[in-house]
Amino acid sequence: MELCVALDLPSAKENLALAESLKSYNVWMKVGFRAYIRDGKAFIEDLKAINPDFKIFLDLKLYDIPNTMADAAEEIAKLGVNMFNIHASAGSVAMKTVMERLSSYENRPLVLAVTALTSFDEINFQAVYEKSINEKAEQFAKMSYEYGLDGVVCSTFESRVIKQATSETFLTLCPGIRPFGEDAGDQQRVATLELANTEDVDYSVVGRPIYKDPDPQAKVEDILEVIATF
Ligand code: C5P
């Protein structure tokens, strides 16, 4: 399992200070809406300047018409990030168009599809998708696998079912990880590192439990220590 640290702080300066404190660890940096909308491409370059080996996950959850998504995917590939995501509910044509467009890129970024946001509980999810989280996440995962994506974003609770329905090598990236049972905040389907390991999660995304900790570096060390025992 790998650790993905969400850089969701209120300023580039704070995000970069966090990245600087983590530059000697083998962790992914997750750049989401807040950081990318505010700080853009320069922020990606600043992260690479801190550590050229940082793996970067651009979490922009693309959702648009297929051609617009493929155009955006190509721009993302040019940024030199290692992973990005789209919404599975954009559909199979969007998935196919995105993957075709990226096929000419050597070392293309990994492409994941968001199944059910971890902030959804069952009732609110069904109000939008009219199916249970498990059923829909499995359906979205099978579609993503069929159209050549590398994996999905899901909660820990769907990870194993998704691998059984697709392949053991199909990646699962799970936000809502509360490493040692910290406060859930707005997340509904949270899990500890232990559970994420049991459920075969490939990437654990952790934001607030790290950056709101008085000592984020020590917290990352504690997390990596636990991961090393798996
Ligand atoms: O602070 P917390 O650990 O809850 O952060 C989770 C991060 O993962 C946030 O940056 C959020 O945008 C992202 N995310 C998520 N659920 C998804 C996809 C991404 O929480 N399905």
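Heads up: these notes are all about the structure in this document. Keep in mind that what you see is a predicted model, and the values were worked out from it rather than measured.

## What about the packing of helix α1 (residues 12-21) against helix α2 (residues 33-50)?
Stage number 1. At a minimum axis distance of 10 Å, the contact between α1 and α2 shows a crossing angle of 30°. Our classification of the angle between α1 and α2 gives roughly parallel. With respect to the hand of their crossing, α1 and α2 are arranged in right-handed fashion. When α1 is examined against α2, the residues Ala12, Asn15, Leu16, Ala19 and Glu20 are found in contact with a partner set consisting of Ala35, Arg38, Asp39, Phe43, Asp46, Leu47 and Ile50.
Stage number 2. For the contact of α1 with α2, a count of residues per class yields seven nonpolar, one polar and four charged.

## Overview of the packing of aromatic side chains
Stage number 1. On inspection of all chains with the given rule, the structure shows six aromatic pairs.
Stage number 2. Look at Trp28 and Tyr203: their rings are 5.4 Å apart centre to centre, the planes differ by 80°, and that puts the pair in the edge-to-face class. Of this pair, Trp28 sits in strand β2 (residues 28-31) while Tyr203 sits in strand β8 (residues 203-206); the two residues are 175 residues apart in sequence, bridging distant segments of the chain. The pair Trp28 / Tyr203 is uniform in exposure class, with both members buried.
Stage number 3. A centroid spacing of 5.4 Å and a plane angle of 85° characterise the contact between Phe120 and Phe125, whose relative ring orientation is edge-to-face.
Stage number 4. On the basis of relative accessibility, which here comes to 16%, the residue Phe120 falls in the buried class.
Stage number 5. The structure contains a cluster of three or more aromatic residues connected by ring pairs, namely Phe120, Phe125, Tyr129 and Phe140.
Stage number 6. A cation over an aromatic ring shows up here: Lys61 above the ring of Phe33, its NZ or CZ 5.7 Å from the ring centre.
Stage number 7. Sitting over the face of the ring of Phe140, Lys136 holds its NZ or CZ atom 5.1 Å from the ring centroid.

## Considerations on the environment of Thr97
Stage number 1. Relative to the helices and strands, Thr97 is located in helix α4 (residues 92-102).
Stage number 2. For the pair Thr97 and Ala196, spaced 99 residues apart in the sequence, the C-alpha separation amounts to 32 Å.
Stage number 3. Excluding its chain neighbours within four sequence positions, the residues that come into contact with Thr97 are Pro66 and Ala70.

## Focus on unusual backbone geometry
Stage number 1. With phi around 45°, Lys61 is a residue other than glycine that occupies positive phi space.
Stage number 2. Considering the arrangement of structural elements, one finds Lys61 in strand β3 (residues 55-62).
Stage number 3. A residue is classified by how much of its surface remains accessible, and Lys61, at 23% relative accessible area, is partly exposed.
Stage number 4. You will see that Glu130, though not glycine, has its phi angle at about 60°, which is positive.
Stage number 5. When its relative accessible area of 69% is taken as the criterion, Glu130 is described as exposed.

## Description of α2
Stage number 1. For α2, spanning 18 residues, the distance from its first C-alpha to its last is only 21 Å, which falls clearly below the expected 26 Å at 1.5 Å a residue.
Stage number 2. Of all bends in α2, the biggest is about 105°, found at Asp39.
Stage number 3. Residues of α2 that are buried include every one of Ala35, Asp39, Gly40, Phe43, Ile44, Leu47 and Ile50, and no others.
Stage number 4. Contact partners of the buried residues in α2: α1, β2, β3 and α3 (66-79).

## Quick look at the site of the ligand
Stage number 1. Around the ligand there are 16 residues in total, and Asp8, Lys30, Gln187, Gly207 and Arg208 lie nearest to it.
Stage number 2. Within the side chain of Asp8, an N or O atom sits 2.6 Å from an oxygen atom of the ligand.
Stage number 3. The side chain of Thr118 places a nitrogen or oxygen atom 3.0 Å from a nitrogen atom of the ligand.
Stage number 4. Protein coverage of the free-state accessible area of the ligand, which is 470 Å², stands at 87%.
Stage number 5. Elements with a contribution of two residues or more to the shell around the ligand: β3, β8 and α9 (208-211).
Stage number 6. Looking at the shell around the ligand residue by residue, the class counts come to seven nonpolar, three polar and six charged.

## Digging into the pattern of salt bridges
Stage number 1. Applying the stated criterion across every chain, the model contains 16 salt bridges.
Stage number 2. Measuring nitrogen to oxygen at the nearest pair gives 2.9 Å for the salt bridge that ties Arg38 to Asp39.
Stage number 3. Arg38 gets classed as partly exposed once you look at its relative accessible area, which sits at 35%.
Stage number 4. The partner of Glu100 in a salt bridge is Lys96, and the shortest N-O contact between them spans 3.4 Å. Residue Glu100 and its partner Lys96 are located together in helix α4, separated by four residues, close to a single helical turn.
Stage number 5. Salt bridges sharing partners connect three or more residues here, namely Lys30, Asp59 and Lys61.

What counts, and at which threshold
Residues numbered from 1 in each chain as written. Predicted model: local features only at pLDDT ≥ 70, side-chain atom pairs only at ≥ 80, totals over all residues. Heavy atoms only, no water. Axes fitted to C-alpha atoms, helices over the stretch in contact; angles between N-to-C directions. Helix = DSSP H or I, 4+ residues; strand = E, 2+ residues; numbered from the N terminus. Parallel < 35°, antiparallel > 145°, perpendicular 65-115°, else oblique. Left-handed = near helix turned anticlockwise from the far one by under 90°. Contact = heavy atoms within 4.5 Å. Nonpolar A, V, L, I, M, F, W, Y, C, P; charged D, E, K, R; others polar. Phe/Tyr/Trp six-rings, centres within 6.5 Å; stacked < 30°, edge-to-face > 60°. Buried < 20%, exposed > 50% of the residue type's maximum accessible area, 1.4 Å probe, protein only. Lys NZ or Arg CZ within 6 Å of the ring centre and 35° of its normal. Expected span 1.5 Å × (residues − 1). Bend = angle between axes of the 7 residues up to and from the residue. Near = heavy atom within 4 Å. Polar contact = N/O pair within 3.5 Å; in protein donor to acceptor, adjacent residues only side chain to side chain. Areas by Shrake-Rupley, 256 points an atom, 1.4 Å probe, with all protein chains shown as cover. Salt bridge = Lys/Arg side-chain N within 4 Å of Asp/Glu carboxyl O.

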